[in-house]
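A structural walkthrough
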Amino acid sequence: MQVQLSGSKNPLTYLLLIAPFFLWGTAMVAMKGVIPHTTPLFMAGVRLIPAGVLILMVAAFMGKPVPKSWLAWLWIIIFALVDGTLFQGFLAEGLVRTNAGLGSVMIDSQPLAVALLSLWLFQEHIGLWGWLGLGLGITGISLIGLPEEWIFHLFDSGVTINPANWQDLFNSGELLMLLAALSMAVGTVLIRFVCRYADPVMATGWHMIIGGLPLWGISSVLEAQQWQNLVLSDWIALSYATVFGSAIAYGLFFYFASSGNLTSLSSLTFLTPIFALIFGYIFLSEVLTIIQWLGVFLTLISIYLINQRENIGVKNQTITITETNTPEESLVLELSSKKVP
């Protein structure tokens, strides 16, 4: 796992960076058939606690140090409550109450929140191309997930969205998905503070266990028939979502988030609904419309712009300097501009 996040051209690095979002997208497809047979909070706990145990076993095998200081445990507990309990709780309850496409738009809007928090807390450079990419990404996932009549309304097609629609929207679970996105965004930023006192892999494992226990506790009080209706295929889907969609995906994601650029990493979250659509088409025969294909195209462009924003900015700066100076001055200024981060 010792890979370089910046400047690396190793194909394995790119595969590992994309892996969490591929696994999350396919896990969403796997969970679709399980949701009617179980309860949301129990399912959220299943995705967290066993996965956390697996991560801790791997961390121990890798020789990762156990958190020792009280500050380390304090940050892990805060991380667990925000990214574990709140995120998975809101997500599970939202999945039950919301349309899958619209819910994915809400949950995958979190890169915008991560960008704002990273700009405020860590002074991460976003720039014109980065903001343009974020805007295209939000537009792309909106085209993928929002009802087409809402989109046509924006072009004055005569379709109206009245206040009752918005009341139904938030009563149906989209507000919960929005809160889940905000929780994940805050959790992505919190890992930087956690890693000042604890190993990121070990912290990820413990935060999943600590965050999952309240979900199972609440489930035992408020829910019933959590596993009685589950069949073999449901347990296989739960196992996939736990091992691949949680343990491996979150382990990789928070490992990269602990050291890489948060804005660039979180922008890859836009890939999650694309993978969900692709595998939904393969396994569930879900067909993409022309508008959704346009959303996929805009989403891919947005990811390119966000991750290449600094390179694009340097190229434009070099071209501008070259056009307005003598050849000798341009050479000096061009070399200087390459040192600007």
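A quick note: this is a predicted structure, and the numbers were derived from the prediction, not measured.

What counts and what doesn't
- Residues numbered from 1 in each chain as written.
- Predicted model: local features only at pLDDT ≥ 70, side-chain atom pairs only at ≥ 80, totals over all residues.
- Heavy atoms only, no water.
- Helix = DSSP H or I, 4+ residues; strand = E, 2+ residues; numbered from the N terminus.
- Buried < 20%, exposed > 50% of the residue type's maximum accessible area, 1.4 Å probe, protein only.
- Contact = heavy atoms within 4.5 Å.
- Areas by Shrake-Rupley, 256 points an atom, 1.4 Å probe, with all protein chains shown as cover.
- Salt bridge = Lys/Arg side-chain N within 4 Å of Asp/Glu carboxyl O.
- Lys, Arg positive; Asp, Glu negative; His and termini not counted.
- Phe/Tyr/Trp six-rings, centres within 6.5 Å; stacked < 30°, edge-to-face > 60°.
- Axes fitted to C-alpha atoms, helices over the stretch in contact; angles between N-to-C directions.
- Parallel < 35°, antiparallel > 145°, perpendicular 65-115°, else oblique.
- Left-handed = near helix turned anticlockwise from the far one by under 90°.
- pLDDT = per-residue confidence, 0-100.
- Expected span 1.5 Å × (residues − 1).
- Bend = angle between axes of the 7 residues up to and from the residue.
- Core = buried A, V, L, I, M, F, W, Y, C linked by side-chain atoms within 4.5 Å.

**What about the overall build of the protein?**
The number of helices and strands found in the protein is 16 helices and 0 strands. Taken over 341 residues, the protein has a buried fraction of 49%. Considering only contacts in the protein between residues 6 or more positions apart, those separated by 24 or more positions represent 87%. For the protein, the accessible area works out to roughly 16800 Å², and carbon and sulfur atoms hold 70% of it.

**Here's the deal with the pattern of salt bridges**
Tallied over the entire structure, the rule returns 1 salt bridge. One salt bridge connects Asp199 with Lys64, and the closest N-O pair in it is separated by 3.8 Å. Remark: Lys64 occurs in the loop between helix H2 (40-61) and helix H3 (70-97) and Asp199 occurs in the loop between helix H9 (174-194) and helix H10 (200-222); sequence separation between them is 135 residues. Of the residues examined, Asp199 reaches a relative accessible area of 14% and is grouped as buried.

**Things to note about the side chain of Thr85**
Mapped onto the secondary structure, Thr85 falls in helix H3. In this view, Thr85 contacts Ala80, Ile210, Gly211, Pro214 and Leu215; residues no more than four positions away in its chain are not counted.

**What to know about the side chain of Arg47**
Note on placement: Arg47 falls in helix H2. One buried charged residue, Arg47, remains without a salt bridge, the closest side chain of opposite sign being Asp83 at 10 Å. Apart from residues no more than four positions distant in its own chain, Arg47 is found in contact with Trp24, Ala27, Gln88, Met208, Ala241, Thr242, Gly245 and Ser246.

**Focus on the packing of aromatic side chains**
Applying the stated criterion across every chain, the model contains 13 aromatic pairs. With a centroid separation of 6.0 Å and 85° between ring planes, the pair formed by Phe21 and Phe253 is classed as edge-to-face. Taken as a pair, Phe21 in helix H1 (residues 11-32) and Phe253 in helix H11 (residues 232-257) lie far apart in primary sequence, 232 residues in all.

**Remarks on the packing of H10 against H11**
At a closest axis distance of 9 Å, the pairing of H10 and H11 adopts a crossing angle of 135°. With respect to their mutual orientation, H10 and H11 come out oblique. Taken as a pair, H10 and H11 cross one another with a handedness that is right-handed. Note on element contacts: H11 touches H10 through Ser246, Ala247, Tyr250, Gly251, Phe254 and Tyr255, opposite Pro200, Val201, Thr204, His207 and Met208.

**A look at the confidence of the model for the protein**
Across the protein, pLDDT averages 75, with 64% of residues at or above 70. Below pLDDT 50 for its whole length, residues 1-8 participates in 17 contacts with residues either more than four positions away or in separate chains. Counted against residues more than four places away or in other chains, residues 318-324, with its pLDDT under 50, gives 7 contacts.

**Structural notes on H11**
Helix length check: H11 (26 residues) gives 35 Å between terminal C-alpha atoms against 38 Å at 1.5 Å per residue, within 8%. When the local axis directions of H11 are compared, the greatest deviation, roughly 30°, occurs at Ala249.

**Regarding the nonpolar core**
The biggest cluster of nonpolar side chains holds 61 residues, and the ones touching the most others in it are Trp24, Val194 and Leu238. Broken down by secondary-structure element, the contributors of at least two residues to this core are H1, H2, H3, H9, H10, H11 and helix H13 (271-284). Considering each element in turn, this core owes the most residues, 12 residues, to H11. Leaving out residues up to four positions away in the same chain, Trp24 has contacts with Arg47, Met184, Gly245, Ala249, Tyr250, Phe253 and Thr272.

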